[in-house]
Amino acid sequence: MKSYSKIFKSAICVALAGALGWTLLPETSAKTDHIEELRERQLQVQNVAKSAMPSVVALTDERMTGAGSGVIVSADGLIMTANHVLDALPEKFVVTLIDGTELSAKKLGASCTYDAALAQITDPGTYPFVPLAKAVDVGDWCIAMGHHGGPQVDRTPPVRLGKVWSKGRRSGFLTTDCLLSGGDSGGPLFNLKGEVIGIHSSISANANENRHAPVTAFLEGWDRMKTGETWGKLGTAAILEDSLPWAARGNGAMLGVQLDGNAPSVMDVLPGTAAEQANIQPGDVITMLEDTPIDTTLQLQREVAARKPGDKVKIEVERNGKTLAIDVTLGGQS
């Protein structure tokens, strides 16, 4: 495979400076302990990038139109990815390594509740792979990789450094400030030991709040997924208690509002979503969905989770002291 050590170093220096909130200054104008910590962190990230990057793969169809990313976790080519990535692919698809090698692969099983899935490279061979972590804690440093924008032979998967900010109280989904974008879905989240701690699941409207299926979700359903079993549905345990900043959604249905913590007060409306099309506005307080009073974010999410894309619902909102009834056609899973 190609050597990317120079690319690693330049990209990682920039990622570190942004993640740590420091400007790279001469040692005479910065505290020595900060400089030493930066150097130590840079070395850790470089080591992870060098050892783990060969296992980060792109997943596409035969026309090389992208779906997302994945990571190889066994020598015989077992791949961890996101379920919504596999959903966008045919049963047999293409896996691209960082050196441009294209391999055939097939879908295995998935836990839809956690957006977690396994796939298998079907071409015989021995492949680079990474180990799995057993646990992750809030505050841990983490490294995100993925084929942002799809596989590119002249560029390795970008390396982004961040921290784990939260774990869902019941779902266990991880939230980090690692910057993600299109094509990263299904890619790996590593700790500083180079172990997989999660798989990229969804990108929020806030670039610093992104969600990852935890490695524990894979470990708990490992045998079932390997045998090809698929179960669960995104929108129950996976999102109800986490108050997604970018939508109230479930069963594939999506409203498209950013809510104010536990209160069903609309902070923002995502462009192109059902909420925008129905003229729901920032500042609206959602008080009713059909015949169900809405007092909390959780209640709203449960009501959306009980419906399907295309369902028409009546939502009541308080706006400037007035009660408005708004007809909304729920959108589909993005």
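Residues numbered from 1 in each chain as written. Predicted model: local features only at pLDDT ≥ 70, side-chain atom pairs only at ≥ 80, totals over all residues. Heavy atoms only, no water.

Caption draft 1: Molecular detail of the overall build of the protein. Assigned secondary structure in the protein consists of 7 helices and 21 strands. Within the span of the protein, comprising 334 residues, buried residues form 51% of the whole. Sequence separation of 24 or more characterises 59% of the internal contacts of the protein that already satisfy a separation of 6 or more. Summing over all exposed atoms, the protein offers an accessible surface of approximately 15,000 Å²; the carbon and sulfur share of this is 51%. (Helix = DSSP H or I, 4+ residues; strand = E, 2+ residues; numbered from the N terminus. Buried < 20%, exposed > 50% of the residue type's maximum accessible area, 1.4 Å probe, protein only. Contact = heavy atoms within 4.5 Å. Areas by Shrake-Rupley, 256 points an atom, 1.4 Å probe, with all protein chains shown as cover.)

Caption draft 2: Summary view of the nonpolar core. Judged by nonpolar contacts, the single largest core of 49 residues is most densely connected at L59, M80, V95, M145, F190 and F218. For this core, the element with the highest residue contribution is strand β6 (residues 116–121), accounting for 5 residues. Counting 21 residues, the second largest nonpolar core, distinct from the first, contains L259, V317, V328 and L330. (Core = buried A, V, L, I, M, F, W, Y, C linked by side-chain atoms within 4.5 Å.)

Caption draft 3: Representation of the packing of aromatic side chains. By the definition in use, this model includes 1 aromatic pair. Relative to F173, the ring of Y114 lies with its centre 6.0 Å away and its plane at 15°, an arrangement referred to as stacked. With Y114 in the loop between β5 (102–111) and β6 and F173 in the loop between β8 (160–167) and β9 (174–176), this pair connects stretches of sequence that are 59 residues apart. When sorted by exposure, Y114 lands in the same class as F173, which is buried. Above the face of the W231 ring, R224 is positioned so that its terminal group lies 3.8 Å from the ring centre. (Phe/Tyr/Trp six-rings, centres within 6.5 Å; stacked < 30°, edge-to-face > 60°. Lys NZ or Arg CZ within 6 Å of the ring centre and 35° of its normal.)

Caption draft 4: Main features of the pairing of strand β3 (residues 78–82). Among the 5 residues of β3, 5 are classified as buried, and the element is accordingly described as predominantly covered. By the alternation rule, side chains of β3 split into L78, M80 and A82 and I79 and T81, which are all buried. Looking at chain direction, β3 and β6 are connected through 5 bridges and run antiparallel. Looking at β6, one finds that I79 is bridged to A119. (Pairing = 2+ DSSP bridges.)

Caption draft 5: Structural view of the pairing of strand β7 (residues 141–144). With burial as the criterion, each face of β7 is covered, one bearing W141 and I143 and the other bearing C142 and A144. Where β7 meets strand β10 (residues 188–190), 2 bridges bridge the pair, whose relative direction is antiparallel. In the sheet register, I143 faces β10, and the bridge partner there is F190.

Caption draft 6: Region of the structure containing the pattern of salt bridges. Per the counting criterion, the structure on display carries 7 salt bridges. Among the salt bridges present, the one from D184 reaches R160, with a minimum N-O distance of 2.6 Å. A residue pair is termed long-range when its members are at least 10 positions apart, and D184 in the loop between β9 and β10 and R160 in strand β8 qualify at 24 residues. Neither residue differs from the other here; D184 and R160 are each classed as buried. Salt-bridge contacts for R224 lead to E229; the nearest nitrogen and oxygen are separated by 2.7 Å. A relative accessible area of 35% places R224 in the partly exposed class. Take E229: its relative accessible area is 33%, and that puts it in the partly exposed class. (Salt bridge = Lys/Arg side-chain N within 4 Å of Asp/Glu carboxyl O.)

Caption draft 7: Region of the structure containing the sheet that holds strand β11 (residues 196–203). In space, the 6 strands of this closed barrel follow the order β7-β8-β9-β12-β11-β10, with antiparallel pairing throughout. Here the average twist between neighbouring strands, direction ignored, is 45°. Pairing geometry for β10 and β11, over 3 bridges, is antiparallel. Bridged to F190 within β11 is V196. (Axes fitted to C-alpha atoms, helices over the stretch in contact; angles between N-to-C directions.)

Caption draft 8: Structural context of unusual backbone geometry. The phi dihedral of D115 is positive, around 55°, even though this residue is not glycine. Summarising the element assignment, D115 is placed in the loop between β5 and β6. Phi is positive for E290, which is not a glycine, with a value near 55°. Note on placement: E290 falls in the loop between β18 (285–289) and β19 (292–293).

Worth remembering: the numbers are spatial, not functional.
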